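Spelled out from the first residue to the last, the chains are:
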Amino acid sequence: MAATPENDAFVDHPLLSPAFIERRRYQLRLASAARDAHTLVCLPTGLGKTTVSLLVTAERLHERGGTSLMLAPTKPLVQQHAEFYREALSIPDDEIVVFTGEVRPDDRAALWDDARVVIATPQVVENDLIGNRISLSGVTHLTFDECHRATGDYSYVYIAERYHADASDPLVTGMSASPGGDEEAIVTVCENLGLANVEVMTDEDADVAEYTHDTEVEWNRIELPEQVLEIRDALNDVIADRLEKLTEMGVTNKRSPDLSQKELNGMRAELQRLINAGKSEGYQGMSIHAEVMKLRRAVELVETQSVESVRRYFERQRNAARSSGASKASQRLVAEPKVRKAMRQVESYDGIHPKFSQTRILLAETLGIGGGERVIVFTESRDTAEALVDFLAESFHVRKFVGQSDTEGSEGMTQTEQQETLDEFRAGEFEVLVSTSVAEEGLDVPEVDLVLFFEPVPTAIRSIQRKGRTGRQAEGRVVVLLAEDTRDEAFFWISRRREREMEDELRDLKGVAAELERELEETSLDEFDDGGTSGNDAGDPGTDETGGADAETTATGAGTAATNGGERAKDSSLTEFGATPAELDDDPEAEADPGPGDGDEGENEDEAGVVATAGDAEGEAEAEDGDEEEVEVVVDQRELDSTIARDLSTREGVRTRLETLAVGDYVLSDRVVVERKTVADFLDTLTGGDRSLFEQARDASRHYARPVVVIEGDGLYEERNIHPGAIRGALASLAVDFGVSVLHTRDESDTTELLATIATREQTQRDRAVSVHGEKSAKTLDEQQEYVVSAIADVGPVTAQSLLSALGSVEAVMTATEEELQEVRGVGAKTAARIREVVGSDYAFDESE
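Residues numbered from 1 in each chain as written. Predicted model: local features only at pLDDT ≥ 70, side-chain atom pairs only at ≥ 80, totals over all residues. Heavy atoms only, no water.

A.B. asks: Is there a simple way to think about the overall build of the protein chain in this case?
C.D. replies: Helix and strand counts for the protein chain come out as 35 helices and 21 strands. Sorting the 849 residues of the protein chain into buried and exposed places 51% on the buried side. Summarising the internal contacts of the protein chain: among those between residues at least 6 apart in sequence, 73% fall at separations of at least 24. In the structure as shown, the protein chain presents an accessible area of about 37900 Å², 45% of it carried by carbon and sulfur atoms. (Helix = DSSP H or I, 4+ residues; strand = E, 2+ residues; numbered from the N terminus. Buried < 20%, exposed > 50% of the residue type's maximum accessible area, 1.4 Å probe, protein only. Contact = heavy atoms within 4.5 Å. Areas by Shrake-Rupley, 256 points an atom, 1.4 Å probe, with all protein chains shown as cover.)

Written as C-alpha cells, this is what we have:
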C-alpha cells in the first residue's frame, strides 16, 4: 500500500480511484497484515471488511498481476461487491465481472480469461472448477466473504483446497464479523481455508471505537391470547400421544411435548438402530417420529410466528397428503381428529396476533413519533414475512425481501428484484423492509433507525449480523419480540448465552492470536502441501485410507490380504485383475469393439454380466515407470449434490467435465456409462416415480456396450418394508434382461474410488476415449398408459399394470365404478375411492390466486 501523509483523508494507490477510499488506520493495519499472509480478518459488521479486502486486491494486482477472485454467499451480496469494486478500482468495468448462476457456463469460461477481478457465488465457481471451465492457477488473491460458512461440505472448503493446490502464487483472505461460536469453530474455519494469520478488532479498539455507536437491545415480552394457546395445546396433545407410542418402543422416556432438537435426534438414532437390527417396529417408529417433527413445526409457528403462518403450513400438509407417494406420516397428520380441530380453529381465527400488533406499534413510534426514516423487520418464516407485509401495508410503505427460490404458495425474488428493492430502500422510496435471513449477511442495507426481530435468533452469528444493520453512524435500536412461555423463551436464553460467548471468544482470540497462528501453521497448511489429494491418489488405490481397495473388493466379489516375510501385501485393485496379453489377443473386441448397437446381440448378452476382467500387467508397469496418463470423467450436472464429482476433480490424473447427460450419471469411456443410485433411490424406483430404474437401464444398454448401475449405501434389504424377493428380482432383471452390471459401494467415497478405477482401466489400459452419446427413449404406448394411471395417488406402476390388464384401457380405468375397481387384484377400497375422487371431482383452480 502506498504511504500517505498523516493528514490525507483518502488512500492513494495506482489502482484505486482518487479520493474514494477513506483513510482509516485500522483498515490499513488489517490490509497490511493480510497482504503478507493467509489471514482471517475479524471486524464488526459495518466497519469495512470489504474495504480491507479491496486494499489487498489492489496491491496484489499491482505487484503480481493475475486475477483476483472474491466469493460471497448470496447473489445480492455479489452484486453489491461488484458495484463497490467498480467504483473503487481504477480498472475498466468490463474487467470486473460477476459470476452467478444467471451467467451461462460457456460465457463464464470466456469471461474468466480476460477478467482481472471476478466476484462470484461459491457454488458457481465450484461447478466451473469441477467442469474444468476455469483454472485457479493465475489467481493471486482469493477472498472468502462471510467465511464462517467454511465448514462441512460448503463450497468454500473445496475451493480453498483447489486454490492452494493449483495456484502458483496464492494469497487467501477470510472475512467475517462472527467467525464462530468458540475457538474450536474458528480453528476449523481457518484450517478449512488454509489461514495461518488471525487479525481481530473489536469495538473496544481505539481505532475502531470512533466509528461505532452503542446499539440498545430491548427484549419485548408478549402474552399470547387464549385462542392461540388452545391451538397450541391441541397440537401438543397429539405430540404427547405420539411420544407415548415411541416410549412403548423403548426409544425414549420423554412424554412432554416440550422437546429439544437434541432429544429428537436421539430418538431418531435409536430408531435407526432398530432398523439396522432388522426390527420392523423401527420403520413404524420412524414414521411416527416424522409426524412428531411436523407437529412440532406447527406448534413453533403458532407460538412464535403467527396464526396465518400455521394456516399456510397446514394447507401445505393437506396438499402433501393428497399427492402421489404421500408418506404415511403426512396422511395420519391430516386425518388426526385433534389436528383437524386445530386446523378449523386456525381457519376461524379472526384476531390479530399480538406480535403483529406490537410490530405496528413499534413502527409507529419509530417512524411517526420518533421521526425515523427506515426500519428493518427480520423473521425466520417467509409465510410470516408475506403476512406482515400485507398487515403493515395498511399503515406504512412496506416491501418484502426474500430469497430467490420458490416455495409452495410463495414466489421468490429474482436477483434483479432484490437489487431494485434494496436500491429503492436506500433511496428512501419506502420505509419498512420485511426480510427473511437473506439480508442478514453483509448486504449494504442503509443505516436504519430500528431493527426488529420478530423472534429471537438462537445463533450468535445470525444475531450479530442482524444487529449490524444499525448503530453505524448514530445510536441505533434493536427490539426482539418474545412470546412468553413458548420456544421464544428458550431461544432468548440460548441467544444471550451464545452472544456473550462470541464476544468473550473474540476478546480471547485477540489475546491468543499468536498462539492460534502457531497452531494453524502446524496443522492447516500441511493439508495443502500434497496438492489437495490428502492421501487419495488415484494412482495408488491400495494405500487409500478411505477404503478404496474395499470398494474394488466389493465390486469383484473377492479380496485377499497376502503376507510375505511378515509384511502385509497391498490390497489388489480392479486394474490388477485384467486380461493377460494372450487373452487380449484372443478377444476380438479388444481389436475392434463394435460399439453400442453394432455388435452381435448374443455376444453382448454373454459379456453383459462381467463385472471386471483382468488388467494389462505390462501397461500397468509402464504407467508406474512414466508419467500417469490423465483420464476424463463426464459428470451429469444433477450429480453435484453429492461429493463424488468434487472429490474426483481434486485427484491427480483425473479431469472432470460437466454436462447435462441424457443417459446415465457418469460416462467413463465410449462404452461405459454409470447410473448411480443410493439405496433409498434404488428402492424408490421399485415403488414408483417419474422414470423407473428399468427405463434408465434400457436407455443405458441401448447406447453403451457396458452399462453399470452402482447401488450406494448399506441396508438394501433392511431400509424399507419391501419384500427381499422383489429386490432380488429387480437386481436379476437388470443383469439378465438389460445386460447391466450391478456393483455395490458403501458410500460416496467408495463410489469415487470405483469410478476412478474404471475410468483409469478403460482409458489408459484399454486405450478407449470418452464419448457421450445417447438420449432418453420415448415411452411406448403401453408405458404412457401405465404412467397416466400410476400418477394417481395410491396407484403405483404394479397396480397400474393390473388395472390396465383387467379393464383394457385408460378410459375404462377412469370410468370404472369403485366396485369394479376393487375386483382388480391389488386394488382395495381405499385405492378405489381415491381413484374415483381424483377422476370424478370438480377442478377447483382459481385463476385469481
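A.B. asks: What should I look at first to understand the side chain of Thr140 in this one?
C.D. replies: Relative to the assigned elements, Thr140 resides in strand 5 (residues 139-145). Here Gly65 takes part through its backbone oxygen, which lies 2.9 Å from a polar atom of the side chain of Thr140. With near-sequence residues (within four places) excluded, Thr140 lies in contact with Arg60, Leu61, Arg64, Gly65, Gly66, Thr67, Tyr163, Asp169 and Leu171. (Polar contact = N/O pair within 3.5 Å; in protein donor to acceptor, adjacent residues only side chain to side chain.)

A.B. asks: For this particular structure, what's the right way to read the pattern of salt bridges?
C.D. replies: A full pass over the atoms with the stated rule returns 45 salt bridges. The closest approach of N and O atoms between Arg399 and Glu424, which form a salt bridge, is 2.5 Å. One end of the pair, Arg399, is in strand 10 (residues 398-401); the other, Glu424, is in helix 17 (residues 415-426), with 25 residues separating them in the sequence. Of the residues examined, Arg399 reaches a relative accessible area of 29% and is grouped as partly exposed. Given a relative accessible area of 21%, Glu424 falls into the partly exposed group. Put simply, Glu632 and Arg655 hold a salt bridge, and the shortest N to O gap is 3.6 Å. Of this pair, Glu632 sits in strand 16 (residues 631-636) while Arg655 sits in strand 17 (residues 654-659); the two residues are 23 residues apart in sequence, bridging distant segments of the chain. Residue class for Glu632 comes out buried when judged on its relative accessible area of 12%. By relative accessible area, Arg655 is classed as partly exposed at 29%. (Salt bridge = Lys/Arg side-chain N within 4 Å of Asp/Glu carboxyl O.)

A.B. asks: Is there a simple way to explain a positive patch on the surface in this structure?
C.D. replies: A contiguous patch of positive charge, built from Lys338, Arg340, Lys341 and Arg344, is present on the exposed surface. Under the relative-accessibility criterion, Arg340 is labelled partly exposed at 44%. (Patch = residues over 30% accessible without salt bridge, like charges linked within 9 Å, V, L, I, M, F, W, Y side chains within 5 Å. Lys, Arg positive; Asp, Glu negative; His and termini not counted. Charge placed at Lys NZ, Arg CZ, Asp CG, Glu CD.)

A.B. asks: Teacher, can you tell me more about unusual backbone geometry here?
C.D. replies: As a rule of thumb, non-glycine residues mostly have phi less than zero, and peptide bonds are mostly trans rather than cis. Although it is not a glycine, Ala19 sits at a positive phi angle of roughly 55 degrees. Mapped onto the secondary structure, Ala19 falls in the segment before helix 1 (25-36). Taking relative accessible area as the criterion, Ala19 reaches 54% and is therefore assigned exposed.

A.B. asks: Can you help me understand the environment of Asp114 in this one?
C.D. replies: The residue Asp114 is located in helix 4 (residues 105-114) in this model. For Asp114, a relative accessible area of 62% corresponds to the exposed category. For the pair Asp114 and Ile96, spaced 18 residues apart in sequence, the C-alpha to C-alpha distance is 9.4 Å.

A.B. asks: I keep staring at the packing of helix 15 (residues 354-369) against helix 16 (residues 382-392) and nothing clicks. Help me out?
C.D. replies: Helix packing for two helices is described by the angle between their axes and how far apart those axes are. Packing of helix 15 against helix 16 leaves a shortest axis separation of 11 Å and a crossing angle of 55 degrees. As far as their axial angle goes, helix 16 and helix 15 are oblique. Seen along the crossing, helix 15 lies across helix 16 with a hand that is right-handed. Across the interface between the two elements, Phe356, Ser357, Thr359, Arg360 and Leu363 of helix 15 pack against Ala387, Leu388, Phe391 and Leu392 of helix 16. Broken down by class, the residue content of the contact of helix 15 with helix 16 amounts to 6 nonpolar, 2 polar and 1 charged. (Axes fitted to C-alpha atoms, helices over the stretch in contact; angles between N-to-C directions. Parallel < 35°, antiparallel > 145°, perpendicular 65-115°, else oblique. Left-handed = near helix turned anticlockwise from the far one by under 90°. Nonpolar A, V, L, I, M, F, W, Y, C, P; charged D, E, K, R; others polar.)

These values are about where atoms sit, not about what they do.
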